[in-house]
Amino acid sequence: MIRVRVPATSANLGPGFDTLGLALSLYLQVDIEWSDQNIIEFAGEGAQGNKSLPERNLVWQAADRVIQTAGHRWAVKLRIYNEIPMGKGLGSSAAAIVAGLTAANELLGKPLHQEQVLALAVEMEGHPDNVVPAFMGGLTTAMVDNKQVYYQKVRLPDEIGVVIVVPEFELPTGISRSVLPQQIDLNATVSNLQRACFLLASLHNRDFSNLDKAMDDQIYQPLRKQFIPGFDQVMKAAKSQGALGTALSGAGPSILAFCTASEQNRVAQAMQEAFSAAGVRSRGFSLQIDNKGTEILTDLNE
Ligand code: HSE
């Protein structure tokens, strides 16, 4: 039996649309073994839906893709334990894809190289910003050239903590992407490019003094916030309690705030209160950055 553990991720971080991503200390764990029929046991976040049917389960779909690519038609048993809220902008689909591909690849004795697994994951997900940090951990910046995925990983300072506030409603990525413009004017492009580069360099240099401005995406969040009641107030509440910078997490609806560890609970509480004032129930998570990425725990001999 092979066990794989994959972290949640927060994409974009404001201006780094489809590029920047951060791995977080919430996990999807998958055990895989050969079986005479496809079986899925699913517990934790999202287990109450019917995603335990193999053909609807993304972990299984990804595992099956590797098994078929390797030329087999074998069945597997998957035991899934998920901590990542689903459909909330925390990379649950990327984690499922990465877990399924990695687990099946390990079970088959690694017929695919890591770059092939990464490229397959990005192809299944459609963009690299969640998949890459889910594999590699830390803060990553990714680019795709001719279907090949390139990335750089930046280790973030330990003193920085992350608050994620998760509203109770789901916002499918497809809906959140449907309001995005087909074309962007030059000024807006330059503005986001300046901010994305400034953000990466600030985090790398441990200079948090202008994170707030650097995370102020001028293109996507202003269009997406129509789906998130209380969005501006939640961002403001976080900053009022000392958050260093805030952003919509991926396609939303969760909101991310960077802050020091000692401020996490206060920031989370203020953000939840702001959501509550807008009539939205939410959950607050005080998290650390995950620097390990996907871990393979083999030979558990259960
Ligand atoms: N970069 C993606 C988006 C992340 O913002 O739509 C969501 O999966």
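Refer to the preceding data block for the structure.
Please read these numbers as outputs of a predicted model, since none were measured by experiment. (Residues numbered from 1 in each chain as written. Predicted model: local features only at pLDDT ≥ 70, side-chain atom pairs only at ≥ 80, totals over all residues. Heavy atoms only, no water.)

Chemist: Quick question: what am I supposed to make of the overall build of the chain here?
Modeler: Secondary structure assignment for the chain yields 10 helices and 11 strands. A compact globule built from 302 residues should have a C-alpha radius of gyration of about 19 Å, and the chain, at 19 Å, falls within 12% of that. Its C-alpha atoms give the chain principal-axis dimensions of roughly 55 × 40 × 35 Å. Taken over 302 residues, the chain has a buried fraction of 53%. For the chain, long-range pairs separated by at least 24 residues make up 74% of all intrachain contacts whose partners lie at least 6 apart in sequence. For the chain, the computed accessible surface area is about 13800 Å², with 47% contributed by carbon and sulfur atoms. Charge separation in the chain, taken as the distance between the mean sites of 25 positive and 31 negative side-chain charges, equals 3 Å. (Helix = DSSP H or I, 4+ residues; strand = E, 2+ residues; numbered from the N terminus. Rg over C-alpha atoms; globule rule 2.2 N^0.38 Å. Buried < 20%, exposed > 50% of the residue type's maximum accessible area, 1.4 Å probe, protein only. Contact = heavy atoms within 4.5 Å. Areas by Shrake-Rupley, 256 points an atom, 1.4 Å probe, with all protein chains shown as cover. Lys, Arg positive; Asp, Glu negative; His and termini not counted. Charge placed at Lys NZ, Arg CZ, Asp CG, Glu CD.)

Chemist: I'm lost on the sheet that holds strand 10 (residues 282–287) in this one. Help?
Modeler: Neighbouring strands of a sheet are bound in pairs by backbone hydrogen bonds; such pairs are parallel or else antiparallel. Spatial strand order, 8-9-7-10: 4 strands in an open sheet with antiparallel pairing. Only two strands of the sheet have a single partner each, and these edge strands are strand 8 (245–248) and strand 10. The sheet shows a mean angle of 20 degrees between the axes of neighbouring strands, taken without regard to direction. Relative to strand 9 (residues 255–260), strand 7 (residues 160–167) is paired through 6 bridges, and the arrangement is antiparallel. Along strand 9, the bridge assignment pairs Ile164 with Leu256. (Pairing = 2+ DSSP bridges. Axes fitted to C-alpha atoms, helices over the stretch in contact; angles between N-to-C directions.)

Chemist: Would you explain the environment of Thr294 in this entry?
Modeler: Considering the arrangement of structural elements, one finds Thr294 in the loop between strand 10 and strand 11 (295–297). By relative accessible area, which is 15% here, Thr294 ends up buried. The spatial distance from the C-alpha of Thr294 to the C-alpha of Pro7 is 6.8 Å, given a sequence separation of 287 residues. For Thr294, the residues in contact, after removing those within four places along its chain, are Val4, Arg5, Val6, Pro7, Val98, Thr102, Ala134 and Phe135.

Chemist: How should the site of the ligand be read in this particular structure?
Modeler: Neighbouring residues of the ligand: Ala11, Asn12, Phe17, Asp18, His127, Asp129, Asn130, Thr173, Arg177, Arg224, Gly250 and Ala251. A distance of 2.7 Å is found between an oxygen atom of the ligand and a side-chain nitrogen or oxygen belonging to Asn12. Within the contact set of the ligand, an oxygen atom lies 2.8 Å away from a side-chain nitrogen or oxygen of Arg224. Burial of the ligand by the surrounding chains reaches 95%, relative to a free accessible area of 260 Å². Of the residues assigned to the shell around the ligand, the class counts are 3 nonpolar, 5 polar and 4 charged. (Near = heavy atom within 4 Å. Polar contact = N/O pair within 3.5 Å; in protein donor to acceptor, adjacent residues only side chain to side chain. Nonpolar A, V, L, I, M, F, W, Y, C, P; charged D, E, K, R; others polar.)

Chemist: Please clarify how helix 6 (residues 186–204) should be interpreted in this entry.
Modeler: Side chains that are three or four residues apart share a direction in an α-helix, a result of its 3.6 residues per turn. Its 19 residues give helix 6 an end-to-end C-alpha distance of 27 Å, which sits within 8% of 27 Å, the value for a rise of 1.5 Å per residue. Where the residues of helix 6 are buried, they touch strand 2 (16–35), strand 5 (139–145), strand 7 and helix 7 (211–214). Just past helix 6, the residue Arg206 takes up positive phi, approximately 60 degrees. (Expected span 1.5 Å × (residues − 1).)

Chemist: What is the right way to read the packing of helix 2 (residues 92–107) against helix 3 (residues 114–125) from this model?
Modeler: A packed helix pair is summarised by two numbers, namely the angle formed by the two axes and the spacing between the axes. Contact geometry for helix 2 and helix 3: axes closest at 10 Å, N-to-C directions at 145 degrees. Between helix 2 and helix 3 the crossing geometry is right-handed. Contact with helix 2, carried on its side by Ser93, Ala94, Ile97, Val98, Leu101, Thr102 and Asn105, involves Val117, Leu120, Ala121, Met124 and Glu125 of helix 3 and no other residues of that element. Partitioned by chemical class, the residues of the contact of helix 2 with helix 3 number 8 nonpolar, 3 polar and 1 charged. (Left-handed = near helix turned anticlockwise from the far one by under 90°.)

Any functional reading would require information that these geometric values do not contain.
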